[in-house]
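# A look at the structure
Here's the letter readout for the chains.
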Amino acid sequence: NQLECLDYLKQTLKNNSQRIAFSTFSEMYNKYKNSDECVVDRESRLKLYYYSELCKQYPNLKAPSNLDSIGISEFLKDLEKRQLSVDLLKKLCKDFGWNYQKMLVRQIKIVLNLQQLDFEIKTDQFGKEEVIVRTSVEQIKKLCMRYLTEITDMTMLAAELEKYFIDIANVYFYELYLVVI
């Protein structure tokens with residue numbers, strides 16, 4: 001029986017690449033049969049695929065005990081909070097119908113949010129202290145550049161970042177961000 005074969009295959013899978021291949025096969029099989037199961041198989045395939053891609057970027061990422069039990073919306077919410085490569089972002093936008101420009105701006109906000117003030121205090125021979133800031137505009141700009149080069153909607157970028165600067169940004173970094181962007 002075909003369903004028993006599919007169940008057997010599903011139970012004997014040992015790694016993510018086999019699970020992704022099975023989900024793709026199962027999705028196509030159910031799509032051919034006009035079954036509603038193809039939607040579930042597609043979600044499973046996408047979760048497994050993007051989870052394995054995330055593991056490549058974040059080797060310390062802990063696997064949930066059962067990725068299939070996590071809803072796709074919950075999985076995507078976690079994915080949206082992470083700093084992603086431009087290529088992976090393009091794939092996500094294509095697969096989930098996200099606005100690529102908005103996602104690029106979101107990635108810039110994530111990069112800016114992760115910034116920490118790196119400084120050192122030096123005391124001269126007369127006891128006068130001087131704060132030396134190590135965080136540079138060039139460093140932050142370099143982190144944002146891969147996203148900035150892809151952005152075509154500068155009006156949206158300016159509007160989103162203006163809101164971000166007013167609502168969230170660290171006062172010190174506000175000046176750096178303005179120079180970077």
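One numbering rule holds for all chains: residues counted from 1, following each sequence as written. The model is predicted, so local features are restricted to residues of pLDDT at least 70 and side-chain atom pairs to those at 80 or more, both for listing and for counting; the totals for chains, interfaces and linings are taken over all residues. Working from all heavy atoms in the structure, the side-chain values ignore hydrogens and water.

### With respect to the packing of helix 5 (residues 86-96) against helix 6 (residues 100-113)
Whenever a helix is involved, its axis is fitted only over the stretch in contact; in every case the axis is a line through C-alpha atoms, and angles between N-to-C directions fall within 0 to 180 degrees. Secondary structure counts use DSSP, requiring at least four H or I residues in a row for a helix and at least two E residues in a row for a strand, with both numbered from the N terminus. Their axes nearest at 10 Å, the elements helix 5 and helix 6 cross at an angle of 140°. If you check the angle between helix 5 and helix 6, you find them oblique. Classified by chirality, the crossing of helix 6 by helix 5 is right-handed. Taking contact as the criterion, the partners of Val86, Leu89, Lys90 and Cys93 in helix 5 are, on helix 6, Tyr100, Met103, Leu104 and Gln107. Residue polarity follows a fixed list, in which Ala, Val, Leu, Ile, Met, Phe, Trp, Tyr, Cys and Pro are nonpolar, Asp, Glu, Lys and Arg are charged, and the others, Gly among them, are polar. In terms of residue class, the contact of helix 5 with helix 6 is built from six nonpolar, one polar and one charged. Working definition: roughly parallel below 35 degrees, roughly antiparallel above 145 degrees, roughly perpendicular at 65 to 115 degrees, and oblique for all remaining angles. When the near helix sits turned anticlockwise from the far one by under a right angle, the crossing is termed left-handed; a clockwise turn instead gives a right-handed crossing. Note on definitions: a residue-residue contact is assigned when non-hydrogen atoms from the two residues lie within 4.5 Å.

### Points about the environment of Asp118
As for its placement among the helices and strands, Asp118 is situated in the loop between helix 6 and strand 1 (119-123). When the C-alpha atoms of Asp118 and Val133 are compared, they prove to be 6.1 Å apart, with 15 residues separating the residues in sequence. Residues in contact with Asp118, not counting those within four places in the same chain, are Ile132, Val133, Arg134 and Thr135.

### Observations regarding the packing of helix 6 against helix 7 (residues 137-148)
For the pair helix 6 and helix 7, the least separation of the axes is 9 Å and the interaxial angle reads 170°. The angle between the axes of helix 6 and helix 7 places the two elements in the roughly antiparallel class. Judged by the sense of rotation from one axis to the other, the crossing of helix 6 with helix 7 is right-handed. Residues Leu104, Gln107, Ile108, Val111 and Leu112 of helix 6 pack against Ile140, Leu143, Cys144, Tyr147 and Leu148 of helix 7. Counted by class, the contact of helix 6 with helix 7 contains nine nonpolar, one polar and no charged residues.

### Digging into helix 6
One fewer than the residue count of a helix, multiplied by 1.5 Å, yields its expected span. Over its 14 residues, helix 6 extends 20 Å from the first C-alpha to the last, a length consistent with the 20 Å expected when each residue adds 1.5 Å. For helix 6, a buried count of 10 out of 14 residues is recorded, marking the element as mostly surrounded by other parts of the structure. Counting of polar contacts relies on pairs of N or O atoms within 3.5 Å, with two restrictions inside protein: one atom must be capable of donating a hydrogen and the other of accepting it, and residues adjacent in sequence are counted only when both atoms are side-chain atoms. Capping the start of helix 6, Asn99 holds a side-chain oxygen 2.9 Å from the backbone nitrogen of Gln101, two or three residues further along. Burial classes: relative accessible area under 20% of the type maximum marks a residue as buried, over 50% as exposed, and values in between as partly exposed (1.4 Å probe, protein chains only).

### So, the side chain of Gln101
Turning to its location among the elements, Gln101 is positioned in helix 6. Taking the relative accessible area as the measure of exposure, Gln101 reaches 14% and is therefore buried.

### Things to note about helix 5
Among all positions of helix 5, only Val86, Leu88, Leu89, Leu92, Cys93 and Phe96 are buried. Projected down its long axis, helix 5 shows its buried positions confined to an angular sector of 155°, all on one face. Among the exposed residues of helix 5, those oriented more than 90 degrees off its buried face are Asp87 and Lys94. Just past helix 5, the residue Gly97 takes up positive phi, approximately 70°. The directions considered for the arc are those from the helix axis to the C-beta atoms.

Nothing here speaks to function; it is geometry throughout.
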